[in-house]
Amino acid sequence: MSNKTRSVLYIGITSNLEERVYQHKQGEGSNFTKRYKCHFLVYHEFHQDIMAAIEREKQMKKWKRQWKDNLIKSVNPGLKDLSNEIEGFN
């Protein structure tokens with residue numbers, strides 16, 4: 001998740017991406033996303049195993065900002081909000 005200017009990134013895991021994005025957009029997500037207005041989904045990954053997802057989250061949280069930006073831009077070069085591409089979101 002990111003803010004309007006894409007200057008802040010939030011990394012988290014969920015078992016229901018659609019619901020979690022909705023919560024963030026409504027200001028009901030984490031205190032961090034509420035405070036920094038991270039209402040835009042700019043990147044996501046799906047994992048079959050919750051432990052793999054947790055490990056990936058921990059790994060990415062340790063990354064330098066540039067590494068995160070490069071990963072995001074590799075699949076979303078325009079940094080557009082991807083929430084409308086989530087099945088069932090709208």
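This text follows the structure it describes.
Fair warning: this is a prediction, and the values are worked out from it, not measured in the lab.

### Details of the side chain of His24
Reasoning step 1: Summarising the element assignment, His24 is placed in helix α1 (residues 17-25).
Reasoning step 2: On the accessibility criterion, His24 (2% relative accessible area) is buried.
Reasoning step 3: One polar contact links His24 to Thr33, side chain to side chain, over a distance of 2.8 Å.
Reasoning step 4: Discounting residues that sit within four places of it in the chain, His24 has contacts with Met1, Tyr10, Gly29, Ser30, Thr33, Cys38 and His39.

### Details of the packing of aromatic side chains
Reasoning step 1: By the definition in use, this model includes three aromatic pairs.
Reasoning step 2: Taking 6.0 Å as the distance between ring centres and 25 degrees as the angle between the ring planes, the aromatic pair formed by Tyr10 and Phe32 counts as stacked. With Tyr10 in the segment before α1 and Phe32 in helix α2 (residues 31-35), the pair connects residues that are 22 residues apart, well separated along the chain.
Reasoning step 3: A network of ring pairs unites the aromatic residues Tyr10, Phe32 and Tyr36 as a single cluster.
Reasoning step 4: Cation over ring: Arg6 sits above Phe40, and NZ or CZ is 4.6 Å from the ring centre.

### Here's the deal with unusual backbone geometry
For residues that are not glycine, phi is negative in most cases, and the peptide bond is trans in most cases.
Reasoning step 1: At Lys37, a residue that is not glycine, the phi angle is positive and equals roughly 55 degrees.
Reasoning step 2: Summarising the element assignment, Lys37 is placed in the loop between α2 and α3 (50-61).
Reasoning step 3: Residue Lys37 is classed as exposed on the basis of its relative accessible area, which comes to 54%.
Reasoning step 4: With a phi close to 55 degrees, Leu79 is a non-glycine residue in the positive phi region.
Reasoning step 5: Its location among the elements puts Leu79 in the segment after α4 (65-75).
Reasoning step 6: For Leu79, a relative accessible area of 22% translates into the label partly exposed.

### Quick notes on the pattern of salt bridges
Reasoning step 1: Enumeration according to the criterion identifies five salt bridges in this entry.
Reasoning step 2: Of the charged contacts in the structure, one is a salt bridge between Asp69 and Arg65, with a shortest N-O distance of 2.8 Å. Taken together, the residues span about one helical turn, with Asp69 and Arg65 both in helix α4 at a distance of four residues.
Reasoning step 3: We note a salt bridge from Glu85 to Lys80, for which the minimum N-O separation is 3.0 Å.
Reasoning step 4: You can call Glu85 exposed: its relative accessible area is 53%.

Rules used throughout
- Residues numbered from 1 in each chain as written.
- Predicted model: local features only at pLDDT ≥ 70, side-chain atom pairs only at ≥ 80, totals over all residues.
- Heavy atoms only, no water.
- Helix = DSSP H or I, 4+ residues; strand = E, 2+ residues; numbered from the N terminus.
- Buried < 20%, exposed > 50% of the residue type's maximum accessible area, 1.4 Å probe, protein only.
- Polar contact = N/O pair within 3.5 Å; in protein donor to acceptor, adjacent residues only side chain to side chain.
- Contact = heavy atoms within 4.5 Å.
- Phe/Tyr/Trp six-rings, centres within 6.5 Å; stacked < 30°, edge-to-face > 60°.
- Lys NZ or Arg CZ within 6 Å of the ring centre and 35° of its normal.
- Salt bridge = Lys/Arg side-chain N within 4 Å of Asp/Glu carboxyl O.

By themselves, these are just geometric observations and shouldn't be taken as functional.
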